[in-house]
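# Breakdown of the fold
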Amino acid sequence: MALDRHEVLLECSNCGGEHLHELTYAGRLLASSVCSYCGFRVEHDLGDLRREYVHDVEQRLLTKPRRMAQRALHHPVSYLAMLPVAVLTKPAKVLAEWNALRRRDGG
């Protein structure tokens, strides 16, 4: 699944204690957090999250040519070595991120 999960120590807004929270990201966007102590969950509205995700992907696409040119200029050997892998894997990664958001509500 393309949702990235990380555990971090945060103060819980529900129980007030400092506990591990599982943060779930869809791409670069925080989708939810869950307190490991009390189970309190904070989630973005799915519609808002999808709109923000689409906006984030648009921004990534708009800035991609500039970022690729910078990498090619500053690190030409590693850029050329990684380009075939990136061309093959990046579309699948974006599709997996979107599918994870789509599946979150069963739709």
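Quick summary incoming for the structure in this document. (Residues numbered from 1 in each chain as written. Predicted model: local features only at pLDDT ≥ 70, side-chain atom pairs only at ≥ 80, totals over all residues. Heavy atoms only, no water.)

### Brief notes about the overall build of the protein
Broken down by element type, the protein carries two helices and four strands. Listing the helices and strands of the protein from first to last along the sequence gives β-β-β-β-α-α. For a compact globule of 107 residues, the expected C-alpha radius of gyration is about 13 Å, and the protein comes in at 17 Å, more than 25% above that figure. Within the protein, the proportion of its 107 residues that are buried is 25%. Residue pairs in contact within the protein that sit at least 24 positions apart in sequence constitute 34% of those at least 6 positions apart. As presented, the protein carries roughly 7400 Å² of accessible surface, and 59% of it is formed by carbon and sulfur atoms. Taking the 15 positively charged and 13 negatively charged side chains of the protein as two groups, their mean positions are separated by 10 Å. (Helix = DSSP H or I, 4+ residues; strand = E, 2+ residues; numbered from the N terminus. Rg over C-alpha atoms; globule rule 2.2 N^0.38 Å. Buried < 20%, exposed > 50% of the residue type's maximum accessible area, 1.4 Å probe, protein only. Contact = heavy atoms within 4.5 Å. Areas by Shrake-Rupley, 256 points an atom, 1.4 Å probe, with all protein chains shown as cover. Lys, Arg positive; Asp, Glu negative; His and termini not counted. Charge placed at Lys NZ, Arg CZ, Asp CG, Glu CD.)

### Overview of the pattern of salt bridges
Considering all chains together, one arrives at five salt bridges under this definition. Its salt-bridge partner being arginine 5, residue glutamate 22 comes within 3.6 Å of it at the nearest N-O pair. Taken together, the residues span a long stretch of sequence, with glutamate 22 in strand S2 (residues 18-26) and arginine 5 in strand S1 (residues 3-11) at a distance of 17 residues. On the accessibility criterion, glutamate 22 (30% relative accessible area) is partly exposed. Overlapping salt bridges bring together Arg28, Asp56 and Arg60 as one network. (Salt bridge = Lys/Arg side-chain N within 4 Å of Asp/Glu carboxyl O.)

### With respect to helix H1 (residues 46-74)
Here H1 is 29 residues long and its end C-alpha atoms lie 39 Å apart, about the 42 Å a rise of 1.5 Å per residue gives. Largest kink in H1: about 45 degrees, centred on lysine 64, with the proline proline 65 one to four residues after it. Among all positions of H1, only Leu46, Leu49, Tyr53, Asp56, Val57 and Arg60 are buried. Of the residues that open H1, the one with a side-chain oxygen 3.2 Å from the backbone nitrogen of glycine 47 is aspartate 45. (Expected span 1.5 Å × (residues − 1). Bend = angle between axes of the 7 residues up to and from the residue. Polar contact = N/O pair within 3.5 Å; in protein donor to acceptor, adjacent residues only side chain to side chain.)

### Considerations on the nonpolar core
Counting residues in each nonpolar core, the largest one holds nine residues, listed as Leu3, Ala26, Leu29, Ala31, Leu49, Tyr53, Val57, Ala100 and Leu101. No other element matches H1, which puts three residues into this core. Not counting chain neighbours up to four residues away, the residues in contact with leucine 101 comprise Ala26, Leu46, Leu49, Arg50 and Tyr53. (Core = buried A, V, L, I, M, F, W, Y, C linked by side-chain atoms within 4.5 Å.)

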